[in-house]
Amino acid sequence: MPELPEVETVRRGLEQKLNNFIIKKVEVCRDSTVAFPKNNEEFIKGLLNSLIYKWDRRGKYLIAQLKEVENENTQFPLKNSQNNGFLVVHLRMTGYFKFIENSTNPCKHTRIRFFDKNNNELRYVDVRSFGQMWWINKGQSLNKIIKGLGSLGPEPFSKDFDANYLKKVISKRTKSIKAILLDQTIVAGIGNIYADESLYSAGISPFREARTIKKNELIKLRESIVTVLTKSIGSGGTTFSDFRDLEGENGNFGLQTNVYRRTGKECRKCGNLIERQKITGRSTHWCPKCQK
Ligand SMILES: [Zn+2]
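Residues numbered from 1 in each chain as written. Predicted model: local features only at pLDDT ≥ 70, side-chain atom pairs only at ≥ 80, totals over all residues.

## Remarks on unusual backbone geometry
With an omega of -10°, the peptide bond between Phe36 and Pro37 qualifies as cis. With respect to the helices, strands and loops of the structure, Pro37 is situated in the loop between strand 3 (34–36) and helix 2 (40–47). For Arg92, which is not glycine, the phi dihedral falls at a positive 50°. On the secondary structure map, Arg92 appears in the loop between strand 6 (83–90) and strand 7 (95–100). Classification of Arg92 by C-beta neighbours within 10 Å gives partly exposed; the count is 15. One non-glycine residue, Thr280, lies in the positive phi region at around 40°. Mapping Thr280 onto the fold places it in the loop between strand 11 (275–279) and strand 12 (282–286). (Helix = DSSP H or I, 4+ residues; strand = E, 2+ residues; numbered from the N terminus. Buried ≥ 20, exposed ≤ 12 C-beta atoms within 10 Å, placed from the backbone.)

Written out as structure tokens, the structure is:
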């Protein structure tokens, strides 16, 4: 599943590829991919003649700012153009975008297609089809309509996410620290891979009750999260998720994990064997010797 680094890589790719992309046609190939408005016609109509102006990311959500473009011969940069709301995307398990110059026939997993006037296509493909899209009109509240977005905790890179914050939110929690890191309302964007990798890097056992973790350990954990995520963004994500970049390639050509999917292999620090066990239904990988 794409996590923060993969989604951030996709965001950067979209910003780079989509220059002055004005949506002239939308084809919804699978109705359930459109989460809002409930009526697909409304979704399509809302997006037409929108310039995809800028891509932001919040947690694992991609958020495109749209500008209204009525005139075919608009000059760029746009001046005094009206906002036309937001296109929000969550890739979930297997969603990815492909940018295709001179559109070709879509594969059977194509869910939504956006075209500009030159027949360039931004294609959304999703094998397992859990991904979702929303068109939020101007004046509507993103956070109210998209519940998961409204309840997100701070971004790991923001200054709101520090040891004091962590201490405050977990001081009474008896859940494992692994489960806490996966909770998007506590911190946005971390999934299974980066939770395991961050805990290894901080030397904290994933099974520890959250409330037992001391302040100095939380300082280390926060640092580890930031370092692990930053490294991964630099290498375009990891090979393990079904994440793909805009060329349809699997991400990552460099990032090595220390524990994730290394069950039975030697720990890179101590040589002990990496173990795996489920925590709240998610496979968890750790070194019992290095993580206490
Ligand atoms: Zn070890």
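## Considering the confidence of the model for the protein chain
Per-residue confidence for the protein chain gives a mean pLDDT of 91, with 93% of residues at or over 70. Note on residues 239–243: pLDDT under 50 across the span, and 16 contacts to partners over four residues away in sequence or across chains. Taken together, the stretch residues 250–254 has pLDDT below 50 and engages in 19 contacts with residues farther than four places along the chain or on a different chain. (pLDDT = per-residue confidence, 0-100. Contact = placed C-beta atoms within 7 Å.)

## A word on the sheet that holds strand 8 (residues 110–115)
What the four strands build is an open sheet, ordered 2-8-9-7; its pairing is antiparallel. Each having just a single partner strand, strand 2 (25–28) and strand 7 make up the two edges of the open sheet. When strand polarity is set aside, the average angle formed by the axes of neighbouring strands in this sheet is 15°. Pairing between strand 7 and strand 9 (residues 121–126): six bridges, direction antiparallel. Bridge pairing links Phe97 to Tyr124 in strand 9. (Pairing = 2+ DSSP bridges. Axes fitted to C-alpha atoms, helices over the stretch in contact; angles between N-to-C directions.)

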